[in-house]
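# Results of the structural survey
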Number of protein chains: 2
Amino acid sequence: MAGIADVAALAGVSKSTASRALSGRGHVSATTRAKVVVAAETLGYVPSTTAVSLATGHTNSIGVIMPYVTRWFFAEVLEGVQQRLLEEGLDLTLYDAKPGTAARARVFDDFLARKRFDGLIAIGLEPEDRELERLLAIGCPLVSVVGIAGSVSVIAVDDDYATRRATEHLIGLGHESIAFLGGGGGEHWPQVERRRLEGYTAAMEDAGLAAHISHIRAAASLPASYNAAVDALGDVRSRPTGIVAVSDEVAVGGIIAARRLGIRVPGDLSVVGIDDHEYAEMFSLTTLRQVPREQGAAAVDLLLAHLADPEKPPQTIHMKARLIVRSSTAAPPE
Amino acid sequence: MAGIADVAALAGVSKSTASRALSGRGHVSATTRAKVVVAAETLGYVPSTTAVSLATGHTNSIGVIMPYVTRWFFAEVLEGVQQRLLEEGLDLTLYDAKPGTAARARVFDDFLARKRFDGLIAIGLEPEDRELERLLAIGCPLVSVVGIAGSVSVIAVDDDYATRRATEHLIGLGHESIAFLGGGGGEHWPQVERRRLEGYTAAMEDAGLAAHISHIRAAASLPASYNAAVDALGDVRSRPTGIVAVSDEVAVGGIIAARRLGIRVPGDLSVVGIDDHEYAEMFSLTTLRQVPREQGAAAVDLLLAHLADPEKPPQTIHMKARLIVRSSTAAPPE
DNA sequence: TTGAAAGCGTTACCAC
DNA sequence: GTGGTAACGCTTTCAA
C-alpha cells in the first residue's frame, strides 16, 4: 500500500505539502497540486482512514442505531439515511438493538462507547431512561428519527394527528362505530402505537362517539392483524363500520380478513391506514402518507448541521402525514 | 477522555504493561493486572478504536455490501449478520449498492477502497465483472451470500433445486399445466430469478411437460405479481392449474389475485412459493423454506475462519431449501 | 514480569 | 507556498 510518503517522494515534495494538496486544506500552488495529484493517481494512493481519524479526531462515519432492520418503517428510514450519507462520503456503522435482548444491552454498554462515529442517528429507538442516559453520555451529536421526545434533536412525526385525521375522515363520511386495529398485541407496546391510539381516542371523544371506542389488539404485522381482525369481525352485530389501523400493513391484514369473511370494503367496512406502504395502492387503501426515506435524509442533514456547529441547540423537525384518499373508505352501509 | 497513559499512571505501571494487562496479550502478574483493571474501571477507560486500528492494522469491523436493505431476503440476512457480529464484538459498516445507480459506482470506487473493515460480506450482490474485479482488488477476505459464483467463498442456495422440487411437488399431485410466476418483470433481471426459472423449466422438461411451460413475468414484489397474475389468470381456458412462484411474496400476490378472480386455492389452482416468508403461514402457502438469517450467520462464521487463517482456500457452503407442505397445493380440479 | 522506545500513517503547527 | 517535526493513542519489539 502506497502511503502519503510515497506520493510525496514521487511528486518531489514533502509529506505536509502532499497532504495539503490532496486534502485541499491549506495553500498549495496549482502546479504543485497537479504534480501531487498525478503522483497519487499513479500510485493508486488511498489515505488510511484510521490514520486520518487518529490525526484529525474524527472518523468520517455516522452510527445508526435501530431496534429492527427488517421492518418496513425502519428499513426505509435506513435506506434514506444510507443514501444521504453516501452522497456526503460518510460511512455508516450499523447497530441493531432489539428491545429486551442481551445484544441490545451490549450495544449500549460496549459498542456505542467505542465511538466509532462522529455522530449518531437513532431510528425509532424509544430508549429506556438508562439507555437514553448512555446515549447522551457518549457526548457526540445525536439525532433521533421519532422514538425520543425532547432534549435532543429529533425528526418527529405527529402521530396523534395522523390517526386523529384518519378517524375524522371516517367520521366525516358518516361513520360512528369505528374501531382501532393494532397495538398492544405483544409484550412490548411501542410509544408510536400508543400515541396513534390516543389520536383515535381523542377524535372519537371530540365527536361525541366515546361510547363507540373500541380497540382490537394486534401485534404490528400483517399476519397478526389478520388473525385479530378475523376474530373481531366475525360477529355481525358487534362489527364496526370503520377501522382505523395503526399502520398500512395492519390495515391490509384487516382488509384481507374482511374479504375472507365476505365483508365488502368499503361497502360494509371502511378501512384507513397509516404509512402509504408499498401495498397501499394494490388494496386501494386510504391512508396517511409518511415518507420514512425522507425522514432518514432529514436526520442526516440535521446531524450534519450539528457536526458543523456544535453549539447548535437541539431542534425538532415536525413532519406531517398527509391524507391520501383511495377507495377503501366510503360512507357506512344504509 | 482517559487514555491508556492515565490508566497506567493511576495503576503505577508503564503504558506497555497496562496495554498487556487490558488486552490479555503477553504476560502480566495477576496482581498487576488487577491494579490495572481497577484503574481502567475507575477512569472509565475505553480504548480509542482508531488508535488500536492504526497500531494493530485491523479495524474490528466487517463491511457489508448489499443491493437492497428494504427487501425481505436482504434485510433478513443483514439481521443474521448483525447478530452474529455483535456476539463477536465486531462492528458492521454498511454499504448500500442499488444496481445501476451512481451511488453504487461510488461505493465500489471510493468507499470500498477506504478499507474500513477487515473482511467483507456481500449479500446477493451479483456484481458485474468490473465490480467483482474491484471487490477482489481490495485484497481482504470476502464471503458472499449467494450472488457470486466460484472463485470466492460463498453461502450458496441451490436455486434450481428449490424450484425443481416445487415443480415436482405439483407434478406429483397430478398437475400438468403449471406456470412460473415472477422474474423478468423489470429492467434488471437478477440471476437468482433466472436460475429459479431454469429449475422449473428443467423439471417440466424432465416430466415431458415442455409443452405446458409458461412464464408469467412480474417484478419481484407483491403488488407487481398481483397485477401480473390478475392479467394472466383472467382467461379460464388458458389458466394453469398450478403456479410455481419465484418467491413467497410473489406467490401471495398470485393467491390474492386468484381470490379476487374467484379462483379457489387450492381447489382450482395450486400455488407453491419459495422462502417461508412471514406471510406464508397466513396464506397456508406450501413453500420451500430457506432461512436467510442463518445464511447471514454462516457468512460471518466463514469470514471469521478466513480472517483466522488467511491461507484458507475459498469455500462454498450449500444450503438446501426444504419443502414445507401447507394447504395451497392439492390435486388439480377434476 | 516489566519498562523504554519505536512505530502505525496521517495531519497540523511553526518556522522558513 | 513549502518543509520539518511533533502529535494522535495505542501496540509491540527489545532489553533489562
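Residues numbered from 1 in each chain as written. Chains lettered and ligands numbered in written order. Predicted model: local features only at pLDDT ≥ 70, side-chain atom pairs only at ≥ 80, totals over all residues. Heavy atoms only, no water.

### Quick notes on the packing of aromatic side chains
Applying the stated criterion across every chain yields a total of eleven aromatic pairs over all chains. Summarising the aromatic geometry, the rings of Y95 of chain B and F111 of chain B are spaced 6.1 Å apart at their centres and angled 65° between planes, so their arrangement reads as edge-to-face. With Y95 of chain B in strand β2 (residues 91-96) and F111 of chain B in helix α6 (residues 102-111), the pair connects residues that are 16 residues apart, well separated along the chain. Taking relative accessible area as the criterion, F111 of chain B reaches 0% and is therefore assigned buried. Connected via pairs of aromatic rings, a cluster forms that spans Y68, F73 and F74 of chain A. Above the plane of the ring of Y161 of chain A lies K320 of chain A, whose end atom (NZ or CZ) is 4.7 Å from the centre. (Phe/Tyr/Trp six-rings, centres within 6.5 Å; stacked < 30°, edge-to-face > 60°. Helix = DSSP H or I, 4+ residues; strand = E, 2+ residues; numbered from the N terminus. Buried < 20%, exposed > 50% of the residue type's maximum accessible area, 1.4 Å probe, protein only. Lys NZ or Arg CZ within 6 Å of the ring centre and 35° of its normal.)

### Observations concerning empty space enclosed by the protein
Counted by the stated rule, this structure contains two cavities of 30 Å³ or more. In this structure, the largest cavity encloses a volume near 130 Å³. Lining the largest cavity we find T49, T50, S53, T59 and R116 of chain A together with T49, T50, S53, T59, S61 and R116 of chain B. Counting residues per element, the ones that place at least two in the lining of the largest cavity are α4 (49-56) of chain A together with α4 (49-56) of chain B. (1 Å grid on protein atoms, 1.4 Å probe; cavity = no way out; pocket = protein on both sides within 12 Å on 5 of 7 lines; lining within 4 Å. Points joined across faces, edges and corners; volume = space filled by probe spheres on them.)

### As for the domain arrangement of chain A
Here the domain parsing of chain A yields domain 1 (4-56), domain 2 (61-157 + 292-320) and domain 3 (159-290). For domain 1 of chain A versus domain 2 of chain A, the distance between C-alpha centres works out to 34 Å. (Domains from an automatic or database assignment.)

### Some details on the interface of chain B and chain A
By a widespread convention, an interface's size corresponds to the accessible area lost as its parts come together. Between chain B and chain A, the contact holds 48 residues from the first and 47 residues from the second. When chain B packs against chain A, close to 4500 Å² is buried across both sides, 58% of that on carbon and sulfur atoms. Its largest share of buried area at the contact with chain A, chain B owes to L86, R116 and M282 of chain B, together 15% of the area lost on that side. Taken together, the connections running from chain B to chain A amount to six salt bridges. Where chain B meets chain A, there are 22 residue pairs in polar contact (both at pLDDT 80 or more). Among the elements of the structure, α4, α5 (72-87), β2, α6, α10 (222-233) and α11 (248-260) of chain B are those that each provide at least two residues to the side of chain B that touches chain A. A breakdown of the residues in the side of chain B that touches chain A according to their chemical character gives 22 nonpolar, twelve polar and 14 charged. (Contact = heavy atoms within 4.5 Å. Buried area = accessible area lost by both parts, 1.4 Å probe. Salt bridge = Lys/Arg side-chain N within 4 Å of Asp/Glu carboxyl O. Polar contact = N/O pair within 3.5 Å; in protein donor to acceptor, adjacent residues only side chain to side chain. Nonpolar A, V, L, I, M, F, W, Y, C, P; charged D, E, K, R; others polar.)

### A short note on the protein's contact with DNA strand C
In the region of DNA strand C, 26 residues are neighbours, and I4 and S19 of chain A together with T17, S29 and T32 of chain B sit closest. Within the side chain of Y45 of chain A, one N or O atom sits 3.2 Å away from a sugar or linking oxygen of DNA strand C. Here S29 of chain B contributes a backbone N or O atom positioned 2.9 Å from a phosphate oxygen of DNA strand C. Secondary-structure elements contributing two or more residues to the surface near DNA strand C are α2 (15-23) and α4 of chain A together with α2 (15-23) and α4 of chain B. Split by residue class, the surface near DNA strand C holds eleven nonpolar, eleven polar and four charged. (Near = heavy atom within 4 Å.)

### What to know about the packing of helix α1 (residues 4-11) of chain A against α2 of chain A
The geometry of a pair of packed helices is captured by two quantities: the angle between their axes and the separation between those axes. Residues and elements named next belong to chain A. Axis separation between α1 and α2 bottoms out at 8 Å; the angle between their running directions is 100°. When the axes of α1 and α2 are compared, the pair comes out roughly perpendicular. On α2, the residues that touch I4, A5 and A8 of α1 are K15, A18 and S19. Taken together, the residues that form the contact of α1 with α2 break down as four nonpolar, one polar and one charged. (Axes fitted to C-alpha atoms, helices over the stretch in contact; angles between N-to-C directions. Parallel < 35°, antiparallel > 145°, perpendicular 65-115°, else oblique.)

### Describing the pairing of strand β5 (residues 153-157) of chain A
Residue and element names in this part refer to chain A. Of all five residues in β5, five are buried; the element is thus mostly enclosed. Pairing of strand β4 (residues 142-145) with β5, which is carried by three bridges, proceeds in the parallel orientation. Opposite V143, over in β5, you have S153 as the bridge partner. Two strands pair when backbone bridges link them, and β5 and strand β11 (residues 316-319) are joined in this way by four bridges, in the parallel orientation. Opposite V157, over in β11, you have M319 as the bridge partner. (Pairing = 2+ DSSP bridges.)

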